[in-house]
Structures are given as C-alpha cells and as structure tokens.
Amino acid sequence: MLENILTILIFFPLIAGILGFAIDKNSFRAYGIAVSLVEFVLSLLLWFYYDPNIAGMQFVETLPLIPTFGINYFVGVDGISMFIIILAAFFTLIGIASLPKTPNEKNMIITLLFLQMTMVGVFAALDAIVFYIFWEFSLVPMIYIIGAWGGPLRIYASIKFFLYTFAGSLIMLVGMLFMAYFYYQTTGVWSFSIEDWYNLVLPKSYQIWLFLAFFIGFAIKVPMFPFHTWLPYAHGQAPTIGSVILAAILLKMGTYAFVRFSLPLFPDASVFFMVPIATISIIMIVYTAMVAYAQEDIKQVVAYSSISHMGVIILGTFALNVEGISGSIFLMIGHGVVSGALFLLVGVIYERRHTKLMSEFGGLAHVMPRYAAIFGIFLMASVGLPLTINFIGEFLSLLGFYKQSHILTLVAGTAIIVGAIYMLSAFKKAFFGNVTKEENKNLPDVNKTELVALIPLVAITIWLGVYPKPVLDPINKSVTRLVKFMHEKSRTPDGKIRIQDPLKVKTKKVCSDCASCKEGE
Amino acid sequence: MEIGLSHYLILSTILFGIGLYGVMSRKNLLMLFFATEILLNSVNIGFAAISHYLGDLTGQMFAFFVIAIAASEVAVGLGLLVVWFKRHNRIDLDEMMSMRG
Amino acid sequence: MEKYLYIALFAPLVSSLFSSLFTAKPKKQFVGVIASLLIATSFVSSVILGFYILGGGEAIHVELMTWINTGGLYIPFGFVVDEISVTMMFVVTLVSMLVHIYSNGYMDHDPSFNRFFAWLSAFVFSMMVLVMSDNFAGLFIGWEGVGLCSWGLIGFWYYKESATWAANEAFIMNRIADLGMLIGLFLLYWNTGSLQYDVVFSKVALLDHSTLIWIGIFLFIGAMGKSAQFPLHTWLADAMEGPTPVSALIHAATMVTAGVYLVIRSNPLYDLVPEVGIFIASLGTFVAFFAASMALVNRDMKRIIAYSTLSQLGYMFAAAGLGAYWVALFHLMAHAFFKALLFLGAGNVMHAMHDELDPFKMGALKEKMKWTWIMMTVASFALAGVFPLAGFFSKDTILEAAFVDHHYVIYGVLLFTAALTAFYSFRLVALIFHGNDRYSQFGIHPHEAYNYMLWAMAPLFFFAIIAGIMQTPFFEMVEEALNAREYHIHSEAVKWIMLIGTQVLVIASIFYAYRKYNRNDITVPDGTSKTENRLCYKVLFNQYYIPYFYEEYLVKPYRELSGLFWKKFDLRVVDATVDGIAKILYNTGEETRGMQSGNLSVMLRWMVVGLVILLIFAGAVGLAVRYSDKILSFLSALGV
C-alpha cells in the first residue's frame, strides 16, 4: 500500500465522492468528514514514512499513458510538495467539519472531495501533462463552488476566475509542449517527465521565452500584480469554504509551480528576471497592502492581504538561495494556515450578521471575547510576529533575498509595517470601541463546531512557529538539492554568481569579496 | 478568330459571375437551385477546357463527377423543396429562419 | 544554576498561560495572587543568579532546542546569563514583581482583571527572552513579544478610542524601527554567518569598516523605535493611555530600555565604529533636552513623567554612544527604580483623583496622601540627581564621562537638561501635593491607596535611595564584560567644582519650581494667561507640532493614497483593463452574431465575402512568393 500511497491519496476522494452520490442526504456530512479524515490520516502516513534524509522524490509511481509521446502517469513527492499535500487534506477536513448550514450540502461536499483530488494531484504530479490536467481540473469544482453558493455577483466572479486563469494556463501549455518538443529534438525521445526535463540544458534565449510562457500561467494563479484583480471578486463572492480553500491551497499552486518548474528548468532566465520579478513582488507587497487598508469589507482586507503575502513568497523564491526558497515554501504553508483561518473567522461573523462590512461591527471584543482572542492570534500571525508560523517564512524569505539585493529587500521589508497597518486598523474597526449597533449586542460567541476548526489551526500556528524543525528539515534538504542543481545547470557567469552552490557557500566570507554586498555600501 | 482557351475561361468566369449574382440576389429557393447549377456548370466548362488544353483527361473526369453530384443534389434538393412547399406553401428564403442563432 | 535560569525564564510564561485561562471569566482574586507569586519566583531565581555572577561565577549558557535551521542559518533557543543579562533580569523581575503586586490593588475594580495579568505576565516573559537570549534572533523574538504585549496593554481598555489608537500607533511605529533591526540582522548574518552573540562579536573585527557602520546604524534604528528616540518618539507619550502600572513597568522601567540594552549588548560592534557612537550620543543628548523641554509645560501628569522617561533614555544613549556602556547600564537600572516608583505614585494619585490627570486640578494632596507624597518626592529628588540618591550617582557619571572624553557640547546640554529635569519634576510635585486645594471644586474626595500597594512600592523607594552604593560592586562585576573604565577628572579642583556646581544648579531649579508652583493662588489654566499665548509655550505644549505633522503629512496622505489606489487605480485601471479586454471580445461576438441570422441568402452573401477574401489572400501570397527576392532586398535596404 505504501508504494501506491500517492495514487490512493489522489483518487480516494474521487472514488469516495462518486460513491457518495448513493449516500443519503441527511447522513452526508458524517460521510464527508469520515472520508476526509481518512484522507488526512493517509497524508499523515505519507509524512510518517517520508525519509527526511533523502532529498529527491519519494513514493514515485509510474504508469504509461501515451508512451509514443512519453506521457506517463508519474507522481512523487519531496520536501517541497509534501507539506502542501498534507495542508490540502487538512483544510478539506476542517472545511467539511466546520461547514455551516448550506443548501445542497451533499453537492457541496462532493465538490470539495473532487477539488481535493485535483489539489493533491497538482502537487504530486511529476509529469507535465498530468500536472496540467490536474491544474485545469481544479478550476471546475472551484467555479462550481463560487457560482452555485456565492454572493450576488457570483456568476461574474466565477466566469472571471475561470477565464482569467484558464487563459494563462493555455499559454503555459504551449510552453510545456515546446519543452517536450525541444527535449525530443535534443534526445530523440519524447518525454513530459519533469525529472527528465531537469537534465536538459537550454540556451538562454530559449529559457527566457519559455520562462515567460510559464510565468503568465503561474503569475495569474498566484496572483501577481497586475493579474490579481480576479482574486478580490472570487473571494468576495465565494462562500467561506471556497475562500478558505482558494487562499490556503489553490493560490499555492502558482508559487509551488515557480519552484517546481521555473527555477530548475530555467536557472539563467530566473537570474535574468530576478530583478523585474522582485520589483513586481514589491509592488504586490506595498500596493496591495495599501489597497487592503482602504477596504471597507473585512473579507476583502484578508483577500488583499493574501496578495501582499504572496509577494513575499515570490520574493523568497527568487532569492535563489536555500534560505530564501526554504522560507518561501515555509511561508506557503504558513500563509495557507493563517489566511485559511482568517477566512474561516470572517465566515463565522458572516454567518451571524450576514454582512462583512466593518462599519457594521465595532466593539465585537465585548460580545465575542473568544472570537476576538482567536482572531487576534491569527492577526498577529498574519502580521508576522515571531513564534508564529508566518514569521519564520517571512524572515527567511527576506533574509534570503537580502543576499541578492539590499535596496529591494529594504523596500520589500516594509511588508512588516504596511501589514501591521491594515491588519491592526481592521481589527480596531471591527473589534474595539463600544458596541454601537443594536444587532451586535447579543451575538453568540464561537460555538463548538467552529472551535473544532479553529483550535487545531491555532495549535499549528504556534507549534510550527516555535518548533518548525519537523517541517523545515525536509524542505531544507530538498531545497538544497534544488539549488545545488540550479548552480550546476546555470551557464551564464551571472547565474553562477547569483546562484551559489549551497554546499560550498561558506558564510564566513568577509564582505569585501562578494560583489552583491558592495551595492549597499 | 480561333476559339482558344482564354475564350472558354472567360465564358466560364462570366457564367460564374452570373451564378454568383443569382445566389446572392434570388430569394426563391427554386431560382437559387438554378443559380447553383449555373455555378457548377461554369466550373465544368473550366475543367473541360483546361483538360483539353493540357491533354489530360482528369479534368473531364472531374467534370463528369460534378455533373453526377449536381444531378443527385438537385434530386435531393428538389425533394426537400417539395416537402417544404407542401408544409409552408411558400419557398421564400427569408422565411426559412429556423436556424437563427 | 541552569535550573534557576529556567525558573526565572518560564515562571512568567506559566503565569501568563494560567491567567489567560480565566480571561473570559469575571474577576478572580487568586489569579492576581498566583501571577504575583510566580513572578516573585522568577525574581528570586534572578537574584540567586545575580549573586552567583556577582560572586565571580562563570556565565551560564544553555541551549534549549533548535529553532530555525536552514541553509547556513542556525538559530537555537539559546539563553545566556552573564553580567549584562543578569542586571537586566534583576531589574525586570524586581519591577515586574512589584507592579504585579501593586496591580492587584490598582486593577481591583476592573472587570478585565484576569486578562490584565495574562498580558502583564506575557510581557515579563517576552522581556526575559529579550534580555536572556544568546543570539540576535532570540532578542528579536522578545523584541516583538514586548511590542505585542505593549500593544495589548496600551489598548487594554479597548472600548476607548484613544487607547486603541495609541496602541496601534505604538505597534506600527515600533514596526518601522523593527525593519531597521531586521536589516541589521540580515547584514550580520550574511557577513558573519551567524546570529549568535559570541560568533558575531568574535568576527566583527574582521569586517570592513563601511559594513560595520551600516550594521551599527540599522541596529540602532531598531533601538530608536523601542526606546522612542526622535523621530519615533511620539508613541511613548500616547502610550500613557494604558493603565498606570503598565506605564510604570513597560513604558518606564523595562521595555523602553530594550534599545539601550541592545546597544550595550552590541558593545564590541559599537566600539569599532565610534562615528556611529557619536551619532548615538548626539541624538541621545538631543532627545534628553528635547523631551525635557516638552515636559516643562505639559499638563498631563503621566505625560510629564513619560517625557522625563524619554529624556532619561536620551541620557542612557548619550552614555552608551560615548562608549560608557556600564554607566548607561547603571543609569538604566537606577532609572528603573525611581521612575517606576514615580509612576506607581502617579497611579495612587490617579486612583485618588478618579483618573484626573491634570496636576492643576489637584494641589495640597500631601495631607491626604502622606506616603505617596513622600515616595514621589524622594523619587523626584532621585530623578533630579540630588546627592545621595540613586540618580546622583548614575547621572553624574554620565556627565563626567562626557566631560572626560572632551565632548563639551554634549556635557553642556546634558547639564542644562539636568536643571530642566529638576524643574519639571518639582513643578509636578508642587502642583500635586502642595499649594492650595483645587480638587474639591471638582467634587473629588481623595484617599490614600491600599496599604499593600504602598508596601509594593517600598522596595523601589528603598532602591531609589540606596542604589548609589551599588555603583562600585556593579562596576567590578561588569568591568570585564563591558570593557569598563572609571572616569576620573585629573584636576581635583575641577572635579569638586563640577560636582558642587551641578548640585547647586539642580537645587536652584528645584527651589525655583517650588517658588513658582507652591502657591495658594494657582488656578486651572484656561488658555487666556499671557504665558499660555506665548509662541514658545505653544510650540512646547503642542510637542513641537510633531504629532500634528505626522497626522497631516504622513497618516492622512497614506490613507488618501490607499483609497486612491483602490478606487482609482485598482478598480478603474487594472481591473478595467481586464474587463476591457473581455468586453472587446464580447462585443466582437455581439456585433458579428448578425451573420448567424439564419437567413440563407445572408449566409450566402457572407460566403461570397469569405471567398473573395480568401482569393485576395491567395493572390497576395502568390505575388509575395513570386517577388520574394525583390521584397527581401527592399526590406534589407530599409535596414530591417
């Protein structure tokens, strides 16, 4: 069973979902919880049996699909992807467990199970075509969730979400096809396996074009400025569970794909585009944080804050050293937990008041003290306070990028300031002051169902903030392999300088002999 | 003046133009069929003339094919037209709008 | 000894977690008692550690566990007890313990009694992490932790708009400085490969000078935020919105001195960059004077004490910047005692006066509150630096250090500021306790605080008096760790002239303050008197218009720009572009759907149009192929 654990992880929710059509409507929630619990336990087994001493792919499975063109069902995980899979399983579980009363509950849960299949598939796939299929499939349950259970503008939001991301991924598909074609030209064999592609050294001009093709697809998914405008609509209209999954997992597909595809396939192009992409990240960080500050709707604050944090993740990824990339992957997990939790919390108040406007609240700390306390914890995690999960990712991402550029990091570091500004002022508007609205006077505090979802998230936020080692070690191992590999593969002199061999970098170096330090002086 | 290839081709073009005009302007389905026949036959003339000019029989064979297809087309088309006429009592093109998108 | 280290460190955490269990419940007296006991445990352990170090024991260094380990970065949860940290631990736990006990009385009637202790103990824990950490990252944990607790405690009465505003201001302003601190950490890591103090300081000498300057500056920016140095000082005065024990503990004795601690801790680094040191000293001197000048006219009791804190922090930075780290540390300690005492006394007064803060509305309280009067007077004497109280020894040494190192401008300004300090301290004492009774017209019946609150203040009272005799043992203890040297003025005559001159100046200021404010005809100012309409009074009273400037030129533009970005740019430009593209596609479809009218003759016409287009295209391609040579040569002639 262990050899096939990834296949089971991918297709178990699908099969369970299909079987689910036969289950009675009233007992469906229990069924959904049971299925997602099994899936979550399976994902924990994956972690348990994962060998942290091996940097490469584990639990690899291959099954030929179209041998003529080298398309295989090829899956496997390493430290980079494993934790996001676990996170996906975890969020599906607590998403279903904390689902408030919804019409067509059964359909919702089945959709979530399908969505789970696509999410696990994306992060486990090692074949570009399989990856692409899951990548696109993930849109279908999501537009269904937004379009069927969303707010008044749901049709507009879901169509925008679909068309926008779909258009981007088509360009990415073209890039993939060209990669395979190029592989065929150089080796005489067709292959869509990412592991095979890794061994291919492309000329820089090819790298640049291919990088751009992939970039469009990933950037829209992340979403990077200026491709981000679908996100506020999607979040604004999606039901709570949709926003949670979207923010926690689906956005990570884009950043994960940067690490999986862009960096190792096109190391020289990554170096070439480092500064422009860092600039975009900085715009994301500062600009969206300011936009978040201007919001009146608390869900939009969280939505824009997601974009801002994704900027830090991208920045860490393009630090091109172990510290930065590890940090960005850790921040993917951290941001998944924290933003997921924040959306859940917004859902809690929305259930009670059916509004998300902060002006409608005020003084909630009086009536819902536990809710305020939990919100406060995630607020502080989102702001990146040490000993919470987000700090480690943010710190490492910025630390890593500092090696590449001082000035850009200094500007990007304002993330910790602007983040505090919008989060604290939103918290103040909603929770502090006196209760002014009559409707708010008798709001019930968080109930047991909601606590079931929130308490584990609080625990993870603090546990991984204090003791990140179990997660950080495998990540570190795989990232070290990745960076070493990029270093060997890069052909341009600039690339060799920017991407240093992680095993040879002796940090003892005094500043005078590294070129990058001199800029800041 | 000897009748040469170009004369045939000019005739074919003129007939094609007439047929095209008919296709575009006629509203009566029957007249449309006539125009289509003219179009097809203009092409036939072209085929036959070039075939003769090149000394290759393929073109004439094609012309026969076209005649056969045109005949079967008219047979089926007229059948449909009769059915349509019986049902609607008219065969005006502008009223055949059931395919409107 | 490690055992005591862990007890000292974790007892406050236990206290905080225990208290937080009851935050949603109504007041439970035992929460306060247990919290105080736990902090007392921590204090006892710190004292034991203190005697151990004082007795010449080796520094204790433990590593609890790994925190972050990736790439070349290795950060453990490591703690160290050496001469510097043990001093801080002693100060922090002593003041914390007393403030905890005091708060039992002060927060007596507050419905959020339990929550208060949860936050307060959490603060003590963060502060202990800050001072005990053996690396910069751990220091940063504590640094942010105290920031968080400060936010929670300033905004403790969260229903008050001004309190939550002040809390957010403090947090955000500290964050600005923290960015500088982070950059400093990055620089240290990429240049020395570690964040451990011992590794870093053993390698700083190898770094080139300009890098060191940058590191020094960025770390100091961090210190400027936490210690509220100009221009990041406005939050400290606004932080007085919090409960008074909080002001005593956080915004006087401990947290605000964290910046000084950072500079002292990084002394091997700052020793190498005297330029930065001079900058720090100059800024400190400036702040000392600047804050004292604002305290002269202020009419809010707590704000006056806050400005005096700011001013004393300036003294500490002046000393640290000049390389007199041990003097800075000693002044930090002495200041913690008398300033906490002063604040707690102010708390008593506030309690008695039903939260009235304007000293002009008080007067003649000395009969009603004898012990508070005595303690606050002594604390003020100590603050003013009158012999033989604590402030005399610490502040006078700072002046001597400046004089001996030939920084006469700094010396002069600091001396003048000492006179100002004496003046505003006794202006406050005179207004509150002496003169005519002005409170009864507001219907207030003052009473002395609970006995145990006074007892909680007693140790501070004691230390404020005798801290001076600790100077010699303290010097011997930190001599090695801080490279300390004594400051001797060579000429015996100059020394005595300075000493006595300073005392005369200070005492003269005190008398002047008494003469001016210990009168029976003082009235509550109403903005009409001549003094109040003078320009310099207005400037000082409005804090040099700096808060106004920040509000008008930073906060408002930021808010407006944010709105502009959202409404005008994000929705009107970025999103509109996306929707515009979609609209073009949609409209094209809408326009061309006319072709699909279902009308056969129309379709036939379109067919003909298509045919014509195809023919033209075929013709064009044919021609292009036919004349490709000529086109190519033409194009190359054009330079394409």
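Check the entry above for the structure.
Residues numbered from 1 in each chain as written. Chains lettered and ligands numbered in written order. Predicted model: local features only at pLDDT ≥ 70, side-chain atom pairs only at ≥ 80, totals over all residues.

(A) Main features of the arrangement of the chains. Counting contacts across all two pairs of chains that touch, the top-ranked interface belongs to chains A and C. At the C-alpha level, the nearest point of chain A lies 22 Å from chain B, with no contact between them. (Contact = placed C-beta atoms within 7 Å.)

(B) Highlighting the interface of chain C and chain B. Tallying the contact residues gives 10 residues for chain C and 12 residues for chain B. Taken together, the residues of the side of chain C that touches chain B break down into three nonpolar, five polar and two charged. (Nonpolar A, V, L, I, M, F, W, Y, C, P; charged D, E, K, R; others polar.)

(C) Expanded view of the interface of chain C and chain A. Across the boundary between the two partners, chain C contributes 47 residues, which contact 53 residues of chain A. Among the elements of the structure, β1 (60–70), α5 (136–154), α6 (161–192), α8 (209–226) and α23 (546–592) of chain C are those that each provide at least two residues to the side of chain C that touches chain A. (Helix = DSSP H or I, 4+ residues; strand = E, 2+ residues; numbered from the N terminus.)

(D) Representation of helix α1 (residues 5–25) of chain B. The first and last C-alpha atoms of α1(B) sit 30 Å apart over 21 residues, in line with the 30 Å expected at 1.5 Å per residue. Looking at α1(B), one finds that the buried residues are B:S12, B:G19 and B:V23. Mapping the buried residues of α1(B) onto a view down its axis gives an arc of 40°, with all of them on the same face. Pointing more than 90 degrees away from the buried face of α1(B) are the exposed residues B:S6, B:H7, B:I10 and B:I14. Looking at the packing, one finds that the buried side of α1(B) touches α2 (29–54) of chain B together with α24 (600–626) of chain C. (Expected span 1.5 Å × (residues − 1). Buried ≥ 20, exposed ≤ 12 C-beta atoms within 10 Å, placed from the backbone. Arc of directions from axis to C-beta.)

(E) Broad picture of the packing of helix α10 (residues 244–253) of chain C against helix α15 (residues 325–352) of chain C. All names here are of chain C. For the pair α10 and α15, interaxial distance at closest approach is 8 Å and the crossing angle is 160°. The angle between α10 and α15 places the two elements in the roughly antiparallel class. Classified by chirality, the crossing of α15 by α10 is right-handed. Between α10 and α15, the residues in contact are T244, P245, S247, A248, L249, A252 and A253 and A336, K339, A340, F343, L344, A346, G347 and M350, respectively. Residues belonging to the contact of α10 with α15 are distributed by class as follows: 11 nonpolar, three polar and one charged. (Axes fitted to C-alpha atoms, helices over the stretch in contact; angles between N-to-C directions. Parallel < 35°, antiparallel > 145°, perpendicular 65-115°, else oblique. Left-handed = near helix turned anticlockwise from the far one by under 90°.)

(F) Layout of α15(C). Residue and element names in this part refer to chain C. End to end, α15 covers 40 Å across 28 residues, agreeing with the expected 40 Å (1.5 Å per residue, within 8%). Among the 28 residues in α15, 27 count as buried, and that is most of the element. In the stretch just after α15, H354 is the one whose phi turns positive, near 55°.

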